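Per-entry structural report
These are the residues of each chain, in order.
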Amino acid sequence: MTITTIGTAVRLRAVSRIYGTGESAVTALDAVDVDIAPATFTAVMGPSGSGKSTLLHCAAGLDRPTSGEVTIDGVSLTGLSERALTKVRRARVGFVFQAFNLIPALSAEQNVALPLRLAGRRPAAGEVRAMLAEVGLADRARHRPSELSGGQQQRVAIARALVTRPAVLFADEPTGALDTTASREVLRLLRTAVDRHAQTVVMVTHDPYAAAHADRVLLLADGRVADVLDHPADAPEIAVRMARLEER
Amino acid sequence: MRLAWDMVRHRFAAFAGTFVAIALGVGVVAGATTLWASSQPQTPERLSATPVLVHSPSVGDNDDGYPEYRSWTIAEAAGLAGRLAALPGVTAAIPDPSFYVQRVVGGRPTGDPQTALAEGHAWSSAALGGYRLSAGAPPERPGEVTLAGQAPGSRVDVLTAHGPATWTVTGTTDGPGFYVADATAAALSAGVRLIGLTVSGDAESVAAAARSAVGTSGTVLSGAARDTLEPESVTRIRWLGAQLLIAMVSLGSFVAIFVVASTCALSAAQRRREIGLLRAVGATPGQVIRMMYAETLVVAVLGGTVGVPLGALAAPLLAPPLVAAGLEPAGFAVTWQPAALAGAFGLGIVVALTGVWTAARRSSRVPALDALRDAAIEHRAMTRPRWILGVLSVIAGAALLIALPALSTDAQSSAMMGAAMLLLIGAALLAPVVIAPLVRFTTWPWRRGATGMLVREGTLTGARRVASTAAPVLLTIGFAVLLTGTVSTISQSAGADAAADVPAALVAAPDGTPGLSDAAVAGQPGDSYLSSHLLVTVGGRTTRYGVAGTDGQEGVVLSRELADLPRRLDVRFPDGTTATLPVTAVRDDAPEAMLLPRDLVRRHDPGALTEAVLLDGPAVPATGLRVLTARAYVQLDIDEEGEIVQIFLAVLLALGVGYTGLAVANTLLMATAARREEYRALRLAGGGTSHVLRVTSGEALLAVVTGTLLGGTVAVFCLLAARRSIEEEIGQAIELVVPWGQNLGVALVCALVAVLAAGVPVLRARAGSM
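Residues numbered from 1 in each chain as written. Chains lettered and ligands numbered in written order. Predicted model: local features only at pLDDT ≥ 70, side-chain atom pairs only at ≥ 80, totals over all residues.

**Focus: the overall build of chain B**
Formally: Secondary structure elements follow DSSP: runs of H or I of four or more residues count as helices, runs of E of two or more count as strands, with numbering from the N terminus. The exposure scheme places C-beta atoms from the backbone and then counts, for each residue, the other C-beta atoms within 10 Å of its own, assigning buried at 20 or more, exposed at 12 or fewer, and partly exposed in between. A pair of residues counts as a contact when their C-beta atoms, built from backbone coordinates, are separated by no more than 7 Å.
Scanning chain B from terminus to terminus reveals 20 helices and 24 strands. Here chain B holds 770 residues, and the buried ones make up 47% of them. A separation threshold of at least 6 residues defines the contact pool for chain B, and within that pool the share at least 24 residues apart is 84%.

What follows is the structure in structure tokens.
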């Protein structure tokens, strides 16, 4: 147990999230225990309403669990003030959303530098450019989001999420709004981050093809972890397991 | 800061409302303060060549806080002048008596009646203004005069307190005024209040020597202190002007804060996702607040940069109309006032930051999770702080209104204004609560049509948005009803009041003159009173009382309010002489505080005039006299006051309506632009552009109706409370008059602006992508 704790990037213990009160209360997460190992790529899947987005929000400190404890990189989020929580997010967590990831007023470069600036740190010379180069957008540094394609915007978002070298990168349906080519590029970038830079990635998706890039797939149903696939062979296998889950 | 600049640059449309509000607000404040600062007391021109002036002593301050002066007698002044002339460095000490004289051309008095009261001077005092004789000789005998623009030997018709006269011009001078022989001036003037010293050498050392020579029998003025000799009529004009400028500045700032606050609130609501994203990538609540302050600061600096030159350039253009309206003295010129401009710039920043305050706090509480949500749903129309602030404002305002009768008369009008502002803010804050039932009620007849349904549901779900459109309308209508209602009610009741005081049906009144001369009064059938004043000293305290000189009485008759005064009064007349007069009676219906025998008043106040004659027979024609009905005579005063009040009203309403237009237009532009998606969906569902237009117009009108009803209600409450307190005070019922037509006009202007502002983005969108 102690060994796993130290070697855990994200740990959820008996995490429940209930929306509303009384009769209209909805249990989105029901006492979930999850451990995410460092330098792994985890996909979270499940039918809509299974609680996969809530799991991500709670694990990332965007939402507060009704009960249970979330630990990111050894720091417990329980009882943290909004300000302290923000600082944990800023230092240890990166985000990529499905859409509207970038501030429209800022150039690609400025968007990437944003987390550093918010942390009160002046980006080192070339730091931001190098990050953009890594996602293949060195030549788009001065472009505004409106001048970039959806796939390019998503790659800028990945660069921004990685620039602080976070303990975990959370991605919420990062390919949901993209075409196949752009999706493939985004997934390849995430995979590379895990393999080459030992980055921990947690991705919510409903796309078995996307999930096939992960080391591990968590299948959620009714707010609980219903199934776990380690090193899934391919997308069809995941799709079958998903379908089985939905039939239950 | 860099981030803020990029945000502002990118989304300038969202900040345009704030920008325009600040630019205009700063412009108004910069212009008004420049005018105000330019309007400083100045040494009268005809004394400008005199470095040291000695004024007669003050006998203490009057009720308005201004010093009350007594005159030297002619002999006193001559004696003092003689002593002053002997001081080293003094070349001459010249007493400066002045009296009423007015030029008559073609049987009609000319020039400004108030200025004419001190147009006559002694020839020796021409030196005080540095005026010289350019032709002819100085006046020596009664009936001789020296003035500008008339050749020696010509004759001029004039009017003095005695009556019409024809004077012979002995010489031509280069300064304004009528200069007569010193002895003649002494006979026509009520004492002397000023002695001018011409000096050789240092004026300040002469002033110091004069101070010790004069002691308590006068005040020595030199340098800038001479500016206090500005004529009272000019001071009053400047004071009136200052009232207007102060009102403009305070209303301008208040409305600007209001507009900025509502604009920022709306833009913050529209930027929830963006702020959520910032929070998600690591912005703390404090950073969000700082960013919004920084953005607003950038906009305020830009707005100020535009507004300051705007105000600085507009101020000189406004000077002539202000002079024409009698709100600044003739010859008023605008000067460069860097402090006023800097102050306006600073005020713009303070106003902007005050306005953004609540919006920034609200934004900082946006959860990071909002980045993931579609932001179109407005969460709650009312937040807890909004409830608390709204209810507190209403309670505070209502408490002020209830306490109104207990306050002093002076404090009442400002208390009512304060209460009105509090109630209007409260109403604006609580508007979302009222909107839902109001919308249900007003859209009831159209509930079956598609447009009716859309408007109804749109406004119900977007109560907050409707409230922010309604708020400026509420403010404008509230102030408009309040101001027009106050003014109309006051003038109505004042007219009735004053007419009741004028018993005779016909009145012989001054015509182009400050009062009636003795010649004009003589032979008129009816009662008249010679107006003057007395300084009465009781127990070491000196007070000025109005005096009416009348026929057929002995000693002093007191009005009922002064019944407590001693039976023998120590008085000082306008000509500086003192006497002890017996009180012979107390009267209830005295037209002035004190009544004195007419000839006594005339003897000690050669310049005294008669205000009017209450006729009981046909009037005898005379120069500077006309016959009016009592009502028309009273109406003259009211009209004169009314004219200035109308100017005030027009300026303030224009300011208010202008800002409302801006605020409404801005709110709707922003809201409609943000709802393009929604309208696109409506179009896809089969609605045409006209359909969309009907929906936007319907919503805009609904907001205007809401604002009008709320604003009107608040204002009427304030007026009723004010009426109650005044009725209690004067013990007489007052009819409340509200010019509804005028206010309806204001509401219609608001409605027009609102419909236009709501429609333009729809049409523009159609012309563009859709």
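**Some thoughts on the overall build of chain A**
Worth spelling out the cut-off: The size measure is the radius of gyration over C-alpha atoms, and the globule rule it meets is 2.2 Å times the number of residues to the 0.38 power.
Per the secondary structure count, chain A includes nine helices and ten strands. Taken against the 2.2 N^0.38 rule, which gives 18 Å for 248 residues, the C-alpha radius of gyration of chain A at 18 Å falls within 12% of a compact globule. If one aligns the C-alpha atoms of chain A with their principal axes, the spans along those axes are about 50 × 45 × 40 Å. In chain A, which comprises 248 residues, the proportion classed as buried is 47%.

**Remarks on the packing of helix α9 (residues 285-324) of chain B against helix α10 (residues 338-364) of chain B**
Packed helices, taken two at a time, are described by the angle between their axes plus the distance between the axes. Residue and element names in this part refer to chain B. Here is the rule we go by: Lines fitted to the C-alpha atoms define the axes, with helices restricted to the stretch that makes contact. Angles between their N-to-C directions range from 0 to 180 degrees. Between 65 and 115 degrees an angle is taken as roughly perpendicular, under 35 as roughly parallel, over 145 as roughly antiparallel, and anywhere else as oblique. Here is the rule for handedness: rotate from the far helix to the near one, and if that takes an anticlockwise turn smaller than a right angle the crossing is left-handed, while a clockwise turn gives right-handed. When residue character is reported, Ala, Val, Leu, Ile, Met, Phe, Trp, Tyr, Cys and Pro are called nonpolar, Asp, Glu, Lys and Arg charged, and the others, Gly included, polar.
Relative to each other, α9 and α10 sit at 150 degrees, their axes nearing to 8 Å. With respect to α10, the axis of α9 lies roughly antiparallel. In this structure, α9 crosses over α10, and the sense of that crossing is right-handed. Of the residues assigned to the contact of α9 with α10, the class counts are 19 nonpolar, eight polar and one charged.

**Here we look at the nonpolar core**
Residues and elements named next belong to chain B. The cut-off we apply is this: Defined on buried residues, the nonpolar core groups Ala, Val, Leu, Ile, Met, Phe, Trp, Tyr and Cys residues joined through C-beta atoms within 7 Å.
Residues Ile22, Val260, Leu474, Cys718 and Ala754 are the most contacted members of the largest nonpolar core, which totals 201 residues. It is helix α7 (residues 232-270) that contributes the most residues to this core, 19 residues altogether. The contact partners of valine 260, leaving out residues within four places of it in the chain, are Thr18, Ala21, Ile22, Val351, Ala352, Gly355 and Val356. Listed in part, the 83 residues of the second largest apolar core include Ala81, Leu614, Leu615 and Tyr633.

**Points about the sheet that holds strand β15 (residues 219-222) of chain B**
Two pairing modes exist for strands in a sheet, parallel and antiparallel, and in both the strands are linked by backbone hydrogen bonds. Residues and elements named next belong to chain B. Let me state the cut-off plainly: Two strands are counted as paired when DSSP detects at least two bridges linking them.
The sheet built from four strands is open, its strands ordered β4-β14-β1-β15 with antiparallel pairing. Two strands lie at the open edges of the sheet, namely β4 (90-95) and β15, each paired on one side alone. Ignoring which end each strand starts from, the neighbouring axes of this sheet average 20 degrees apart. In terms of strand pairing, β4 meets strand β14 (residues 194-199) through five bridges, oriented antiparallel. When the sheet's bridge partners are listed, isoleucine 94 is paired in β14 with glycine 196. Contacts from helix α3 (residues 74-85) reach β1 (52-55), β4 and β14 within the one sheet, and its direction differs from that of β4 by about 170 degrees. Helix-sheet contacts for helix α6 (residues 203-214) involve β1, β4, β14 and β15, and the interaxial angle to β15 is about 175 degrees.

**Structural notes on the sheet that holds strand β5 (residues 75-76) of chain A**
In spatial order, the strands read β2-β1-β4-β5 (chain A); together these four strands make up an open sheet with antiparallel pairing. Since the sheet does not close on itself, it has two edges, and those belong to β2 (26-36) and β5 of chain A, each with one partner.

**As for the interface of chain A and chain B**
Taken together, the contact between chain A and chain B spans 23 residues of the former and 20 residues of the latter. When contributions to the side of chain A that touches chain B are tallied by element, the ones reaching two or more residues are α3 (82-92) and α4 (108-118) of chain A. Across the side of chain A that touches chain B, the residue classes break down as twelve nonpolar, three polar and eight charged.

**Notes on the confidence of the model for chain B**
Residue and element names in this part refer to chain B. Rules: For every residue, the predictor states its confidence as a pLDDT score lying anywhere from 0 to 100.
Predicted confidence across chain B gives a mean pLDDT of 82, with 89% of residues reaching 70 or more. Highest mean pLDDT in chain B belongs to strand β13 (residues 178-180) (94); lowest belongs to helix α1 (residues 2-10) (67). Interface confidence for the predicted complex, expressed as ipTM, amounts to 0.83; the pTM equals 0.72.

**Focus: α3 of chain B**
At 3.6 residues per turn, the α-helix brings residues three or four places apart onto the same side. All names here are of chain B. Put simply, the rule is: Given a helix with a known number of residues, its expected span is that number minus one, times 1.5 Å. Think of the arc as the fan of directions from the helix axis to the C-beta atoms.
Across its twelve residues, α3 extends 16 Å between first and last C-alpha, which sits within 8% of the 16 Å expected from 1.5 Å per residue. Restricting attention to buried positions, one finds in α3 the residues Ile74, Ala77, Leu80, Ala81 and Leu84. Looking straight down α3, one finds its buried side chains confined to an arc of 130 degrees; they lie on one side. The inward-facing, buried residues of α3 abut β1, β4, α5 (182-188), β14 and α6.

**What to know about the environment of alanine 141 of chain A**
All names here are of chain A. By secondary structure assignment, the location of alanine 141 is in the loop between α5 (127-134) and α6 (150-162). Considered as a pair, alanine 141 and valine 128 are 13 residues apart in the sequence and their alpha carbons are 9.0 Å apart. Beyond its immediate stretch of four places on either side in the chain, alanine 141 contacts Ser107, Ala108, Glu109, Arg129 and Leu132.

**Section: unusual backbone geometry**
Residue and element names in this part refer to chain A. The phi dihedral of glutamate 173 falls on the positive side, at around 50 degrees, and the residue is not glycine. Tracing the sequence through the fold places glutamate 173 in the loop between β7 (168-172) and α7 (180-197). Here glutamate 173 falls in the buried class, since 21 other C-beta atoms lie within 10 Å of it. The backbone phi angle of aspartate 222 is positive, close to 50 degrees, even though this residue is not glycine.

**Overview of the environment of alanine 632 of chain B**
Residues and elements named next belong to chain B. With respect to the helices, strands and loops of the structure, alanine 632 is situated in helix α17 (residues 630-674). With 15 C-beta atoms counted inside 10 Å, the residue alanine 632 sits in the partly exposed group. Remark: the alpha-carbon pair of alanine 632 and leucine 506, spanning 126 residues in sequence, is separated by 9.3 Å.

**Observations concerning the confidence of the model for chain A**
Across chain A, pLDDT averages 85, with 96% of residues at or above 70. Confidence over residues 1-5 of chain A falls short of pLDDT 50; this stretch has two contacts with residues more than four positions distant or in other chains.

**Structural notes on the pairing of strand β18 (residues 541-550) of chain B**
Residue and element names in this part refer to chain B. With nine bridges connecting them, strand β17 (residues 526-538) and β18 associate as antiparallel partners. Residue pairing for β18: leucine 535 is matched across the bridge by arginine 544. From the end of β17 to the start of β18, which pair antiparallel, there are two residues, and glycine 539 there has a positive phi angle of about 60 degrees. Pairing of β18 with strand β22 (residues 594-597) involves four bridges; the strand directions are parallel.

**Things to note about the packing of α6 of chain A against α7 of chain A**
All names here are of chain A. Two elements in contact, α6 and α7, have axes separated by 9 Å at closest approach and are oriented at 15 degrees. In this view, α6 runs roughly parallel relative to α7, as classed from their interaxial angle. Read as a crossing pair, α6 and α7 show a hand that is right-handed. Side by side, α6 and α7 meet where Gly150, Gly151, Gln154, Arg155, Ile158 and Leu162 of the first sit next to Ala182, Glu185, Val186, Leu189 and Ala193 of the second.

**Concerning the environment of aspartate 96 of chain B**
All names here are of chain B. Mapped onto the fold, aspartate 96 is located in the loop between β4 and β5 (98-99). The exposure class of aspartate 96 is buried, given the 25 C-beta atoms found within 10 Å. Sequence-wise, aspartate 96 and histidine 121 are 25 residues apart; in three dimensions their C-alpha atoms are separated by 6.9 Å. Those residues in contact with aspartate 96, other than ones at most four positions away along the chain, are His121, Ala122, Ser125, Leu128, Val192, Leu194, Ile195 and Gly196.

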